[in-house]
Amino acid sequence: MHSFLRNTAKEILESGVDLQKLTVILPNRRAGLFFTQHLGSLISEPTWMPEVKTIEEIFYNLAGNRPADDLTLIFELYRVYQDLNPEAETFDRFYFWGEMILKDFNDVDQFIANADKLYHHLSEIKELESDLSFLNQSQVELIKQFWSSFVRQDRDHQEKFLKFWQLLSPIYTSFQASLAVSGLAYSGMLYRKVAESLESIPRPEKVHHFIGFNAFTGTEEALIKHYITEFGAKIYWDIDAYYLEDKVQEAGLFFRDYQKDKIFGPTFPENIPTQIDDRKASIKTYATPLKTNQANLVGSILEKIPAGEAWEETVVILPDEQMLFPVLHTLPEQVDKVNVTMGYPVKNAPVYSFLEAVLEMQRYIKEEDGKLLFYHTAVKNLLSSIYLKSVNPVFAEELMAEMQLLNQIHVSAEKLHKGGALYQLIFQKLENDSLFTYLAKLMEALAERLKDEPLQRSYLYQCFKQLTRLREIFAGQDILTINREFFIRLFRQIFREVKLPFEGEPLQGLQIMGVLESRNLDFKRVIICNMNEDSFPPSAGLNSMIPFNIRKAFGLPVQEQNDSIYAYTFYRLLHSAEEVHMIYTTASDQGKAGEKSRYMQQMGVELGREMEEEVVFIPIDQKSPEAITIQKDTEVLGLLDKYLIDENGQSKTSFSPSALSVFLDCRLKFYLQYLANIQEKQEVSEEIDAAVFGNLAHLSMEILYQDFAKRKNRTLLEKSDFEELNKNWVFPAIEKAIRQFYHLEGEADTKLNGQMAIARDVLQKYLHQILKIDEASAPFKLISLEKERRYNAGLKIDTLSGAQTVSLKGIIDRVDEHNGSVRLIDYKSGQDNKTFPDVESLFDREHKSRNKAAMQTMFYGLIYQATVPENTLPLKPAIFNLREMFGDDFNPYLQLKLPRKEGVEVNDYRQFEDEYKTGLKVLLEDIYNPEIPFDQTDDLKKCGYCPYKEICGR
């Protein structure tokens, strides 16, 4: 297999140079390691090895200094910025701009640009931009590419911008002076210092060979040219005619310039290698629907590698670092060693998400009556994490269940602290002066619990190291005050850049690496993931304060140079490859279109040979989901036995009108809800939805009249009773209902949020209106309210196993005696219709306007008469629709009404009892009929709000 580093090592050996007097300079340490390995394999007898360095080590050694970390530099930059700008924003607001300014300063120095003139021009352009009439259209468009938002701002905003831009030149000058005094530097500053003092560099003791470079910065170019002309240095180019001789091939952009240079030109080989054309590598592309499918595809490609072949000759390139763990998890068993050469962002690690959630929780802490309260969403997120759940799983589960049951919007620290020491550590309010100490203590506590999780501990260690560094820097700053918000924002900004460096044996096993890490290395088999435009190459755009036209004019890098670097990195992988597998995704991801990389398109045209493409399909059934039918076998029929009354007159449960109504709507829904016991997922809700409001209304009315009966020791309500009820007892009844509904202890104060306070006021209006209607109909005598009395009945039906008695039950909101009738009153929060054409329609599932409310209140007549068989009074069903009660013509009673005919009020359920029982009997026999399965409704309108529609695929 061709290997650039091996061939270069061989050429150096054959040149007869004394290795002990040789310094080899490569773009990165990894290339140096492989070069040393190749050199060692070519040497036949013991000898001194050459000194192997990176280009940055040469500069730092010559400068006599090394760059400070970015965090320290941005703090120092902020200090300078504050001195020059009295209206400076806070450090966390400045941090993003500080990163950008620092990068610009680094570019200015790396490319030896004249900072005074550059920033002077920038200031002038901003002044011109404030009045666009001075510019021609092409200049305006060019400037708008970077400052698109600026031209839309008003004059005040423009002046603020201009004021800032005029600061850039003095910031640069002052920053340089400040760093010089403190002995600090950034890399570009050191590079420039060396490049501007080349004449004073002493002649090195060793000959320098520069190997495998592609794109030089201005300072690197100046240094290498100086070493070539003055010290006899040599340079070895890793190139191919494929992109060098094609004048429009972006991969050869830099090389073509260097080939024309009077110093670099003579260093190019006379015969440019033609490895890409000569090798005729097998190239295959794959289109996958989703990003995660790529990992499975990588695994299947690796499985086909012949046994005994060295894994070191295969590389998996990951332009997107998020693909690392999916790929590692899908490696075939025969891959016994893996070397990962890329950093993995700590922000993607579970432990970082947990730390961030702990800090985020601090934003939503409440203090009431000396109690510390935590917001339910933040608490739930933390309780769901493996770190808290594993410490006390029973406590975490019970607490989440309690939060849901009691609909707790806030949870007290006292309750949370019962979980143990880690719970006590996490659920506390942080003071500004304890933020660093607290987070360090929390990391140590987590590390103690992650002894068996080396990877998670590694993430935690990187976080701890960065936190310690941040703490040290803050300790030396007297210009900053830390508050919680500031700390949380800064934590996110700084930790998003932290990466976990993987350690491995780089010379053994399957190689997995990022794009730029592959420089100078050669592999027989290349697998590249994420070969999508905007991923490889990455999306265009340089974060810079300096507009494109000014960058280009002063020789600073623009996107064209970035594209060239990535193009070269891609094409040089083909120098030695015999197999190339390129995988791209067809689905859009995070705003990026699923378009194949331009490199793949270019190769298809330029190589002049066929590239095989495979489209990887994920089997998806495009047909409508099959109908779900549950046959009533012995097991399913056994589930229905719980509704049957045994020889002792008992049953495990009973049919309610709601259950029967569900069965009429959809047989399958009845099965899922009442037989399979698949319940809707309950969530803590801050909303007062219709169901909650209806429950509170029911409960309030029950309490209002129950308490009346207890106070007065009578159940008869006269007209004279309503004035006192309206004036003194409505509000207490609602308060008591809220306490009961939300399970508040004793006489606990009901501190209501905004929605609940509004709902309470609306409830008062409804209760006053019910009392107004009741006063008009008074006197009446209360018989029962809600759960005060259980009403049951048994109904004989015919089943396959013979006659059976089915248990029926219901909760009647209110039963009272009025004008010689027993009223069966149901409170409804909706707008239920009170008319129906006939009893038969109440059990007709095909009837489009089947009256569920009428079916329910007639059901109440059946169970009331069965529970009170001695009753001889008429049973009058009534529906109090809360929304309709305010109308002048409000009538709560059911009516038999045919279309376009006058309705007839239902004054006694017993007149319809036989017909109603017959309809109910047919319905129940349908439920128990083994020939009629539990199937789906054909009326898709009923599926719209069904909680089981995902199961059905509707």
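Structure shown above.
Chemist: I keep staring at the pattern of salt bridges and nothing clicks. Help me out?
Modeler: Where charged atoms of side chains with opposite charge meet at close range, the side chains can pair. This model, assessed by the stated rule, comprises 51 salt bridges. Salt-bridge contacts for Asp721 lead to Arg714; the nearest nitrogen and oxygen are separated by 2.8 Å. The exposure class assigned to Arg714 is partly exposed, which follows from its relative accessible area of 30%. Among the charged side chains, a network of salt bridges with common partners joins Lys103, Asp104, Asp107 and Arg551.

Chemist: Would you explain the nonpolar core in this entry?
Modeler: One recurring pattern in soluble globular proteins is that nonpolar side chains are buried together. Formed by 194 residues in total, the largest nonpolar core has its most connected members in Ile426, Phe427, Leu442, Ile512, Tyr571, Met582 and Met603. The biggest single contributor to this core is helix H22 (residues 435-449), with 9 residues. Leaving out residues up to four positions away in the same chain, Tyr571 has contacts with Tyr242, Tyr243, Gln249, Ala251, Ile276, Tyr599, Gln602, Met603 and Glu606. Grouped together as the second largest cluster of nonpolar side chains are 58 residues, Tyr791, Met855, Leu920 and Phe934 included.

Chemist: It is not clear to me how the pairing of strand S15 (residues 579-585) should be interpreted in this structure. Could you clarify?
Modeler: Put simply, side chains in a regular strand alternate between the two faces of the sheet. For S15, the tally of buried residues reaches 6 of 7 residues, placing the bulk of the element in the interior. Pairing of strand S5 (residues 282-288) with S15 involves 7 bridges; the strand directions are parallel. Across the sheet, the residue bridging to Lys284 is His581, located in S15. Here 4 bridges tie strand S14 (residues 525-528) to S15, and the two strands are oriented parallel to one another. Paired with Arg525 across the bridge in S15 is Glu579.

Chemist: How should the packing of aromatic side chains be read in this particular structure?
Modeler: This model, assessed by the stated rule, comprises 62 aromatic pairs. When the ring of Phe570 is compared with that of Tyr571, the centres are 5.0 Å apart and the planes differ by 75°; the resulting orientation is edge-to-face. Overall, Phe570 belongs to the buried group, its relative accessible area being 0%. Its relative accessible area of 0% is what places Tyr571 among the buried residues. When the ring centre of Phe934 is taken as reference, the NZ or CZ atom of Lys632 above it lies at 4.7 Å.

Chemist: Sorry, what's going on with the sheet that holds strand S7 (residues 338-341) here?
Modeler: Picture the strands of a sheet paired through backbone hydrogen bonds; they go either parallel or antiparallel. As summarised here, the arrangement of the 7 strands in space is S7-S13-S6-S14-S15-S5-S16, forming an open sheet in which the pairing is parallel. Of all the strands in the sheet, just S7 and strand S16 (612-615) have a single pairing partner and so form its edges. Taking each pair of neighbouring strands and ignoring which way they run, the sheet shows an average axis angle of 15°.

Chemist: So what exactly am I meant to see when it comes to the state of the cysteines here?
Modeler: In protein structure, a disulfide is the covalent linkage between the sulfur atoms of two cysteines. One pass over the structure, following the stated rule, counts 0 disulfides. Unpaired in terms of disulfides, Cys946 finds its nearest cysteine sulfur in Cys952, a separation of 6.2 Å. Since its relative accessible area comes to 12%, Cys946 is described here as buried.

Chemist: Can you walk me through the sheet that holds strand S19 (residues 780-785) in this structure?
Modeler: Pairing is mixed in the open sheet, where 5 strands are placed in the order S18-S19-S22-S23-S25. The open sheet has two edge strands, strand S18 (716-717) and strand S25 (875-881), and neither has a second partner. Docked against the sheet, helix H31 (residues 690-712) engages S18, S19, strand S22 (814-818) and strand S23 (821-828), running at close to 120° with respect to S19. Of the strands in this sheet, S19, S22, S23 and S25 touch helix H34 (residues 852-867), which is tilted by about 140° from S23.

Chemist: Looking at this structure, I do not really get the environment of Arg789. What am I missing?
Modeler: Inspection of the secondary structure puts Arg789 in the loop between S19 and strand S20 (791-799). Separated by 23 residues in the primary sequence, Arg789 and Ile812 place their C-alpha atoms 8.6 Å from one another. Residues in contact with Arg789, not counting those within four places in the same chain, are Ser784, Thr867 and Val868.

Chemist: Looking at this structure, I do not really get empty space enclosed by the protein. What am I missing?
Modeler: A probe matching the size of a water molecule, rolled over the atoms, marks out where space remains unfilled. A complete count under the given rule lists 1 cavity of 30 Å³ or more for this structure. Here the largest cavity defines a volume of roughly 40 Å³. In terms of residue class, the lining of the largest cavity is built from 6 nonpolar, no polar and 2 charged.

The rules behind these values
Residues numbered from 1 in each chain as written. Predicted model: local features only at pLDDT ≥ 70, side-chain atom pairs only at ≥ 80, totals over all residues. Heavy atoms only, no water. Salt bridge = Lys/Arg side-chain N within 4 Å of Asp/Glu carboxyl O. Buried < 20%, exposed > 50% of the residue type's maximum accessible area, 1.4 Å probe, protein only. Core = buried A, V, L, I, M, F, W, Y, C linked by side-chain atoms within 4.5 Å. Helix = DSSP H or I, 4+ residues; strand = E, 2+ residues; numbered from the N terminus. Contact = heavy atoms within 4.5 Å. Pairing = 2+ DSSP bridges. Phe/Tyr/Trp six-rings, centres within 6.5 Å; stacked < 30°, edge-to-face > 60°. Lys NZ or Arg CZ within 6 Å of the ring centre and 35° of its normal. Axes fitted to C-alpha atoms, helices over the stretch in contact; angles between N-to-C directions. Disulfide = S-S within 2.5 Å. 1 Å grid on protein atoms, 1.4 Å probe; cavity = no way out; pocket = protein on both sides within 12 Å on 5 of 7 lines; lining within 4 Å. Points joined across faces, edges and corners; volume = space filled by probe spheres on them. Nonpolar A, V, L, I, M, F, W, Y, C, P; charged D, E, K, R; others polar.

Remember that the coordinates give geometry; whether it matters functionally is a separate question.
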